[in-house]
Amino acid sequence: METTSRAVAQAPAGEGGQPAARRTVDGYLPAPFPWYGLDEAFTGPRWPMQVGASADGSVEHGSLGHGDEPSVRNEFVSGSPDEPKERFAVVVTVAANPVRQLADGTGRLEATTVSSAAWLAGVGLLSFTWPMQMDHTLRDDWLEQQTETAWVLADDLSGPDWSTLSLPVDGVPAPFHYRESEFGWVLAGTTDQGVHLGAYGRGMSAYGLGFAVVKDITAYA
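Everything numeric in this text was worked out from a predicted model, so none of it was measured. (Residues numbered from 1 in each chain as written. Predicted model: local features only at pLDDT ≥ 70, side-chain atom pairs only at ≥ 80, totals over all residues. Heavy atoms only, no water.)

### Section: the overall build of the chain
Then, in step 1: A tally of regular secondary structure across the chain gives 4 helices and 11 strands.
Then, in step 2: Buried residues in the chain amount to 50% of all 221 residues.
Then, in step 3: Of the contacts formed within the chain by residues at least 6 apart in sequence, a portion of 64% connects residues at least 24 apart.
Then, in step 4: In the form shown here, the chain has an accessible surface area of approximately 10800 Å², with 53% of it arising from carbon and sulfur atoms. (Helix = DSSP H or I, 4+ residues; strand = E, 2+ residues; numbered from the N terminus. Buried < 20%, exposed > 50% of the residue type's maximum accessible area, 1.4 Å probe, protein only. Contact = heavy atoms within 4.5 Å. Areas by Shrake-Rupley, 256 points an atom, 1.4 Å probe, with all protein chains shown as cover.)

What follows is the structure, given as structure tokens:
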């Protein structure tokens, strides 16, 4: 997941309170696995984010947004710390793949696991986070440090930083690893459809969410 994960960690986001540029759903179409989003109980806005590909060009994972489109904001600059934050939840779908050789024989790709989904979700939340009173020039260093921390946490899903949460996946209760921080929440689990699921959000409670296969990806356009 090294190639695809770093791509997501550096995905462009809006600055100065402006939303990230809206993406089309074209990149989702070649995926050989089903995409997941929030189920029909969620009736708010839905929007595409980005997909990640492996070194050989195969679609490996992607994210779909729900609710308000989040933006990176320096709260110390943009307004009061009591200023309302966006309410959003992002669902990350990760193909469940074993260790495998690259098509050109030059190397191999790491296996994807629930930890992969947890790490991508953790980094996704960080990409829309800017702690109060942090200077613009310090954010890159902070983000790099927090990204490594997110990986350490994702690699220890049985550790004390995680709790368990049962949420419906295609209508059937499924266990998830769940953690909260001052920046929002992150969760990760798996499905019987050949994919792992991650999710992150802020302003929307994770406890009332449900996940389902996206029947028509163009609904997110």
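There is more to say, and it comes next.
### Side note on the packing of aromatic side chains
Any two aromatic rings considered together are summarised by their centre-to-centre distance and by the angle between their planes.
Then, in step 1: Under the criterion given, the structure shown has 7 aromatic pairs.
Then, in step 2: Look at Tyr-28 and Trp-35: their rings are 5.0 Å apart centre to centre, the planes differ by 75°, and that puts the pair in the edge-to-face class. In terms of burial, Tyr-28 and Trp-35 fall into one category: buried.
Then, in step 3: When the ring of Phe-88 is compared with that of Tyr-200, the centres are 6.4 Å apart and the planes differ by 80°; the resulting orientation is edge-to-face. (Phe/Tyr/Trp six-rings, centres within 6.5 Å; stacked < 30°, edge-to-face > 60°.)

### Considerations on the environment of Arg-87
Then, in step 1: Position of Arg-87 among the secondary structure elements: in the loop between α2 (75-78) and β4 (88-95).
Then, in step 2: According to the relative accessible area criterion, Arg-87 is partly exposed, its value standing at 48%.
Then, in step 3: With 21 residues separating them in the primary sequence, Arg-87 and His-66 have C-alpha atoms 8.6 Å apart.
Then, in step 4: Beyond its immediate sequence surroundings of up to four residues, Arg-87 is in contact with His-66, Gly-67, Asp-68, Arg-202, Gly-203 and Met-204.
Then, in step 5: From its side chain, Arg-87 meets the backbone oxygen of Gly-203 in a polar contact 2.6 Å long. (Polar contact = N/O pair within 3.5 Å; in protein donor to acceptor, adjacent residues only side chain to side chain.)

### Re the nonpolar core
Then, in step 1: Among the nonpolar cores identified, the biggest contains 57 residues, and Trp-35, Leu-187, Tyr-200 and Phe-211 are the most heavily contacted of them.
Then, in step 2: Ranked by residues supplied to this core, first place goes to helix α3 (residues 114-127) with 9 residues.
Then, in step 3: Ignoring sequence-local partners within four residues, the contact set of Trp-35 consists of Tyr-28, Val-51, Val-59, His-61, Gly-62, Leu-64, Thr-93, Ala-212, Val-213, Val-214 and Ile-217. (Core = buried A, V, L, I, M, F, W, Y, C linked by side-chain atoms within 4.5 Å.)

### Quick word on unusual backbone geometry
Then, in step 1: Residues other than glycine seldom take positive phi values, yet Asp-170 does so here, at roughly 55°.
Then, in step 2: Turning to its location among the elements, Asp-170 is positioned in the loop between β7 (163-169) and β8 (172-181).
Then, in step 3: In this structure Asp-170 comes out as partly exposed when scored by relative accessible area, which is 35%.

### Focus: the pairing of strand β2 (residues 46-53)
Then, in step 1: For β2 and strand β3 (residues 59-67), the ladder comprises 6 bridges, and the chain directions are antiparallel. The residue bridging Val-51 from the neighbouring strand is Gly-62, located in β3.
Then, in step 2: The turn joining β2 and β3, which pair antiparallel and follow one another in sequence, is formed by 5 residues; a positive phi near 90° is taken by Gly-57. (Pairing = 2+ DSSP bridges.)

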